[in-house]
Protein chains: 2
Amino acid sequence: MDEFTDFDALRAACLNLREGSDSSAEAVRQRQSMLTKPPGSLGRLEDLVAWLAKWQGRPMPRLDQVDVLVFAGNHGVTRQGVSPYPPTVTTQMVANFSHGGAAINQIASVAGAHLRVVPLDLDTPTQDFTEAPAMDEAGFLRAVSTGYGAVSSGCDLLCLGEMGIGNTTSAAAIAAALFGGGGSRWAGRGTGIDDAGLARKIRAIDAGLDRHAAWANDPLLIAMALGGRELAAILGATIAARQFGIPVLLDGFVCTAAVAPLTRLATGALGHTMLAHVSAEAGHRLLAEALGLKPLLDFGMRLGEGSAAALVVPLLRAAVACHTGMATFAEAAVDNRD
Amino acid sequence: MDEFTDFDALRAACLNLREGSDSSAEAVRQRQSMLTKPPGSLGRLEDLVAWLAKWQGRPMPRLDQVDVLVFAGNHGVTRQGVSPYPPTVTTQMVANFSHGGAAINQIASVAGAHLRVVPLDLDTPTQDFTEAPAMDEAGFLRAVSTGYGAVSSGCDLLCLGEMGIGNTTSAAAIAAALFGGGGSRWAGRGTGIDDAGLARKIRAIDAGLDRHAAWANDPLLIAMALGGRELAAILGATIAARQFGIPVLLDGFVCTAAVAPLTRLATGALGHTMLAHVSAEAGHRLLAEALGLKPLLDFGMRLGEGSAAALVVPLLRAAVACHTGMATFAEAAVDNRD
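Overview of the structure. Residue indices follow the written sequence of each chain, beginning from 1 at its first position. Lettering of chains starts at A and numbering of ligands starts at 1, both following the order in which they are written. Local features in this predicted model are restricted to residues whose pLDDT is 70 or higher, and side-chain atom pairs enter the listing and the counts only when it is 80 or higher, whereas totals over whole chains, interfaces and linings include all residues. For side-chain calculations, the full set of non-hydrogen atoms in the structure is used, while hydrogens and water are omitted.

## Looking at the packing of helix H7 (residues 167-179) of chain B against helix H12 (residues 253-265) of chain B
Angle between the axes and distance between the axes are the two parameters that describe a pair of packed helices.
Residue and element names in this part refer to chain B.
For step 1, the next point in the chain: Angles here are taken between N-to-C directions and fall from 0 to 180 degrees, while the axes themselves are lines fitted to C-alpha atoms, restricted in helices to the stretch in contact. Counting from the N terminus, the helices are DSSP H or I runs at least four residues long and the strands are E runs at least two residues long. Across the interface, H7 lies against H12 with an axial gap of 8 Å and an inter-helix angle of 30°. Regarding the angle of H7 to H12, the classification is roughly parallel. Crossing of H7 over H12 shows left-handed handedness. Along its contact with H7, which presents Asn167, Thr168, Ala171, Ala172, Ile174, Leu178 and Phe179, the element H12 presents Phe253, Val254, Ala257, Ala260, Pro261 and Arg264. For classification, angles of less than 35 degrees are called roughly parallel, those exceeding 145 degrees roughly antiparallel, those between 65 and 115 degrees roughly perpendicular, and all remaining angles oblique. The handedness criterion is simple: a crossing whose near helix is rotated anticlockwise from the far helix by less than a right angle is left-handed, and one whose near helix is rotated clockwise is right-handed. Any pair of residues with heavy atoms lying within 4.5 Å of one another is described as a contacting pair.

Structure follows, in structure tokens:
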């Protein structure tokens with residue numbers, strides 16, 4: 001199934017989540033105890049292998065095909081003066097991606113990952129959410145379906161990212177609608193807005209929350225009214241990855257806000273995801289804590305594009321390489337503990 | 001010069017430090033401001049490139065040759081029952097390294113780094129430092145010189161690591177001698193010692209501090225009396241790297257303690273080093289703070305072998321790839337800020 005044609009089908013997919021394989025994770029722990037190292041001494045690398053095994057459903061996880069999907073969208077709320085960059089930059093950056101000139105191109109290459117960029121109707125920005133829902137129902141479902149359909153079932157690990165001038169405003173609005181506190185709690189400087197711009201951003205978020213308050217108890221309607229197409233696509237891709245048994249690396253604030261509605265629909269909905277980093281964007285640390293996601297890196301990055309998600313791929317490769325390549329105490333004739 | 005034949009020559013090398021190239025770092029900052037990303041949005045990746053440039057003395061740093069040097073030594077203090085593993089494991093693990101079966105083999109391979117293991121007189125452990133200086137002057141200088149001589153001048157980035165049953169006891173003793181607080185402040189569980197073993201470890205450290213108290217104001221004599229050959233070699237390699245213009249990635253607690261004496265001899269002596277991670281070993285966070293080193297990762301690792309140093313190499317590769325491979329705003333015809 002590649003298309004969600006109505007909300008009921010989407011809701012059903014959000015509730016009907018595939019379980020991970022506890023036996024695969026347990027097999028990882030068993031093998032780890034035999035490898036030539038003190039128990040637990042590879043720390044989080046050991047946890048990462050168990051996590052990959054659980055969600056791939058393989059006792060020996062692999063990272064043969066690592067994909068980076070970057071979704072791009074344009075936002076009507078930019079009319080409120082929430083970004084120092086003009087919305088034309090979204091399209092220009094998509095061109096930059098296709099010519100190999102952006103950060104994500106370089107990082108994906110180092111990671112040995114395949115990058116695909118999916119622009120979503122860039123010539124027709126979403127509605128300004130201070131005045132109307134960002135998307136109508138059909139438009140939202142189309143964007144979710146595009147994200148769902150973009151995931152290759154043969155993928156071993158999926159990195160998700162986004163590009164969209166104005167989209168930290170959408171992300172902050174979603175976070176505020178889900179977790180409370182209003183614009184001032186969640187708005188940050190995005191690509192680098194000044195004080196006056198930050199004040200406009202907070203006002204825009206609060207106006208959006210006010211306008212769409214009737215939907216505040218429905219996570220999917222929140223995503224439709226306050227989000228954007230690239231956020232909806234990330235949500236769809238995350239659902240697809242769960243169904244296909246693909247672990248997901250989440251990137252920054254926008255990416256995290258995009259999938260946050262899923263946790264309101266089903267506990268453990270983000271079990272197959274790992275947060276690559278905590279961004280310098282103001283609301284991200286708070287959002288990660290609210291979702292119980294523990295970031296891998298804390299590098300003060302705030303670029304988006306899936307840059308941090310792709311950046312951590314080699315750490316996972318190293319974790320898997322240790323698991324599959326290390327000798328056991330018996331194989332190496334190394335004495336175990338006294 | 002590959003040999004330190006007397007303490008005066010070693011002291012002179014420790015004091016006579018090559019400066020980094022501020023103009024190369026500045027050239028990096030200039031270029032970063034033109035690349036297609038919001039200013040500063042790659043966070044610490046940008047700092048890492050400037051750091052590499054400064055210490056390589058190249059405005060466009062490169063990582064063509066990345067070396068991992070793992071020094072191995074045996075410790076007389078193991079007679080005090082400070083480790084759950086027998087000292088035979090040091091030699092066995094060196095064999096495991098040479099057969100490709102250890103964690104560092106896998107991680108170095110993922111990092112595209114060349115691994116070299118240097119065993120130091122494993123059949124003749126150092127003296128038990130509770131009873132005598134771990135090394136005499138000639139033995140200490142020989143180990144420092146071995147480390148110095150092991151560094152290839154053509155290397156672009158050097159990862160340092162160690163293997164030595166008992167060496168977290170030596171590391172804690174050095175840290176205590178330099179920064180105070182005694183064994184209870186610095187001793188951790190190493191490879192996983194139990195409560196009784198930890199008590200023995202603290203007693204051994206305190207006995208060593210007491211025995212060699214007369215040398216407490218001389219950082220090199222501290223390293224000689226309480227350290228080990230692999231720690232001395234790491235110190236020597238770090239001096240060589242500074243002289244050759246090679247940035248260094250430090251690994252965990254033992255590696256950090258090994259170079260700590262240098263900062264007591266000259267401010268900024270560790271400028272060309274970066275701490276790969278903060279270890280789960282109890283004293284490491286404290287020692288990193290005392291030295292002003294900000295770790296890249298916090299993964300709860302505590303293996304040594306240079307494992308965390310090699311692990312972060314791909315992060316630096318990504319940083320350099322962004323710097324050299326990204327398009328500028330002008331090249332990509334992307335609009336800059338309004």
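Structure's up, so let's keep going.
## Notes on the nonpolar core
The nonpolar side chains of soluble globular proteins are, as a tendency, buried together.
For step 1, the next point in the chain: Judged by nonpolar contacts, the single largest core of 120 residues is most densely connected at A:Leu249 and B:Leu249.
For step 2, the next point in the chain: In contact with A:Leu249, other than residues within four places in its own chain, are A:Leu157, A:Leu158, A:Cys159, A:Leu160, A:Met274, A:Leu296, A:Ala309, A:Val312, A:Val313 and A:Leu316. Among the buried residues, those of types Ala, Val, Leu, Ile, Met, Phe, Trp, Tyr and Cys that are joined through side-chain atoms within 4.5 Å form a nonpolar core. Note on exposure labels: buried denotes an accessible area under 20% of the residue type's maximum, exposed denotes more than 50%, and partly exposed covers the range between, all computed with a 1.4 Å probe on protein chains only.

## Here we look at the sheet that holds strand E5 (residues 273-275) of chain B
Residues and elements named next belong to chain B.
For step 1, the next point in the chain: Between any two strands, at least two bridges found by DSSP are needed for them to pair. Ordered in space as E2-E1-E3-E4-E5, the five strands form an open sheet in which the pairing is parallel. Of all strands in the sheet, those with a lone pairing partner are strand E2 (114-119) and E5, marking the two edges. Along the sheet, successive strands turn relative to each other by an average axial angle of 25°, direction set aside.
For step 2, the next point in the chain: Bridge count for strand E1 (residues 66-72) against E2 is six bridges, and the pairing is parallel. Bridge pairing in E2 links leucine 69 to arginine 116.
For step 3, the next point in the chain: On the sheet, helix H15 (residues 313-325) packs against E1, strand E3 (157-163) and strand E4 (248-250) and is oriented at approximately 175° with respect to E3.

## A word on the interface of chain B and chain A
For step 1, the next point in the chain: Each partner contributes to the interface: chain B provides 54 residues, whereas chain A provides 54 residues.
For step 2, the next point in the chain: Taken over both partners, the interface formed by chain B and chain A buries close to 4400 Å², and the fraction arising from carbon and sulfur atoms is 64%.
For step 3, the next point in the chain: In terms of surface lost to chain A, no three residues of chain B exceed B:Tyr85, B:Phe299 and B:Arg337, which account for 14% of the buried area on that side.
For step 4, the next point in the chain: Definition of a polar contact: a pair of N or O atoms within 3.5 Å, with one able to donate and the other able to accept a hydrogen when the atoms are protein atoms, and with sequence-neighbouring residues admitted only if both atoms are side-chain atoms. Taken together, the links from chain B to chain A amount to 16 residue pairs in polar contact (both at pLDDT 80 or more).
For step 5, the next point in the chain: Mapped by element, the contributors of at least two residues to the side of chain B that touches chain A are helix H3 (44-56), helix H4 (88-98), helix H5 (103-111), H15 and helix H16 (329-332) of chain B.
For step 6, the next point in the chain: When residues of the side of chain B that touches chain A are assigned to their parent elements, the largest contribution, seven residues, is made by H15(B).
For step 7, the next point in the chain: Three categories are distinguished: nonpolar for Ala, Val, Leu, Ile, Met, Phe, Trp, Tyr, Cys and Pro, charged for Asp, Glu, Lys and Arg, and polar for the others, with Gly belonging to the last. Here the side of chain B that touches chain A is composed, by residue class, of 31 nonpolar, 16 polar and seven charged. When two components associate, each loses some accessible surface as probed by a 1.4 Å sphere; the sum of these losses over both components is called the buried area.

## Notes on the sheet that holds strand E4 (residues 248-250) of chain A
Residue and element names in this part refer to chain A.
For step 1, the next point in the chain: The parallel open sheet is built from five strands, whose spatial order is E2-E1-E3-E4-E5. Each edge of the open sheet is held by one strand with a lone partner, namely strand E2 (114-119) and strand E5 (273-275). This sheet shows a mean twist of 25° between the axes of neighbouring strands, independent of strand direction.
For step 2, the next point in the chain: Against the sheet, helix H11 (residues 229-244) contacts strand E1 (66-72), strand E3 (157-163), E4 and E5, and its axis sits at roughly 175° relative to E3.

## Details of the relation of the copies chain B and chain A
For step 1, the next point in the chain: The least-squares superposition of copies is restricted to C-alpha atoms, and to residues with a pLDDT of at least 70 in both copies. With an RMSD of 0.0 Å, the operation that places chain B on chain A is a rotation of 180° combined with a shift of 0.0 Å along the axis. Both chain copies can therefore be described as sitting about a two-fold axis.
For step 2, the next point in the chain: The overlap is high: 100% of the interface residues of chain B also sit at the interface in chain A, so the same surface is used on both sides.

## What about helix H3 (residues 44-56) of chain A?
Helical periodicity: at 3.6 residues per turn, an α-helix aligns residues three or four positions apart in one direction.
Residues and elements named next belong to chain A.
For step 1, the next point in the chain: Across its 13 residues, H3 extends 18 Å between first and last C-alpha, which sits within 8% of the 18 Å expected from 1.5 Å per residue.
For step 2, the next point in the chain: In terms of burial, H3 is a largely internal element, 11 of the 13 residues being buried.
For step 3, the next point in the chain: One or two steps after H3, the chain reaches glycine 57, where phi turns positive at roughly 70°. Residue count minus one, scaled by 1.5 Å, sets the expected span of a helix.

## Some details on the layout of surface pockets
For step 1, the next point in the chain: By volume, the largest pocket is sized at about 350 Å³.
For step 2, the next point in the chain: Put plainly, a pocket is an open set of points on a 1 Å grid over the protein atoms alone with protein on both sides within 12 Å along at least five of seven lines, a cavity is a set where a 1.4 Å probe fits but cannot get out, and a lining residue has an atom within 4 Å of a point. In terms of lining, the largest pocket is formed by 16 residues, of which the most central are A:Leu296, A:Asp298, B:Leu296, B:Leu297 and B:Asp298.
For step 3, the next point in the chain: Classifying every residue of the lining of the largest pocket by side-chain character gives eight nonpolar, no polar and eight charged.
For step 4, the next point in the chain: Grid points are joined across faces, edges and corners, and a volume is the space filled by probe spheres set on the points. Space inside the second largest pocket adds up to approximately 200 Å³.
For step 5, the next point in the chain: Along the wall of the second largest pocket there are 14 residues; nearest its centre are B:Leu270, B:Gly271, B:Thr273, B:Gly292 and B:Leu293.
For step 6, the next point in the chain: Sorting elements by how many residues they give to the lining of the second largest pocket places E5(B) first, with three residues.
For step 7, the next point in the chain: Tallied by class, the residues present in the lining of the second largest pocket amount to seven nonpolar, five polar and two charged.

## Quick word on the state of the cysteines
Note on terminology: disulfide describes a covalent bond linking the sulfur atoms of two cysteines.
For step 1, the next point in the chain: Criterion for a disulfide: a pair of cysteine sulfur atoms within 2.5 Å. Counted by the stated rule, this structure contains zero disulfides over all chains.
For step 2, the next point in the chain: Unpaired in this structure, A:Cys155 has its nearest cysteine sulfur neighbour in A:Cys159, at a distance of 8.0 Å.
For step 3, the next point in the chain: A disulfide-free cysteine, A:Cys322 has its sulfur positioned 14 Å from the sulfur of B:Cys159, the nearest such atom.
For step 4, the next point in the chain: For A:Cys322, a relative accessible area of 3% translates into the label buried.

## Side note on the environment of A:Ala232
Residue and element names in this part refer to chain A.
For step 1, the next point in the chain: The residue alanine 232 is located in helix H11 in this model.
For step 2, the next point in the chain: Among the residues examined, alanine 232 registers a relative accessible area of 4% and is labelled buried.
For step 3, the next point in the chain: Between the alpha carbons of alanine 232 and aspartate 47 there is a distance of 29 Å; along the sequence they are 185 residues apart.
For step 4, the next point in the chain: Alanine 232 has contacts with Phe140, Ala143 and Val144, leaving out every residue within four places of it along the chain.

## A few points about the pairing of E3(A)
Residues and elements named next belong to chain A.
For step 1, the next point in the chain: Of all seven residues making up E3, seven are buried, and the element is well covered by its neighbours.
For step 2, the next point in the chain: Residues Leu157, Cys159, Gly161 and Met163 point to one face of E3 and Leu158, Leu160 and Glu162 to the other, with burial holding for every one of them.
For step 3, the next point in the chain: Here E1 pairs with E3 via seven bridges, running parallel. Note that in E3 the partner of valine 66 across the bridge is leucine 157.
For step 4, the next point in the chain: Alignment of E3 against E4, held across two bridges, turns out to be parallel. Counterpart to cysteine 159 in the pairing with E4 is leucine 249.

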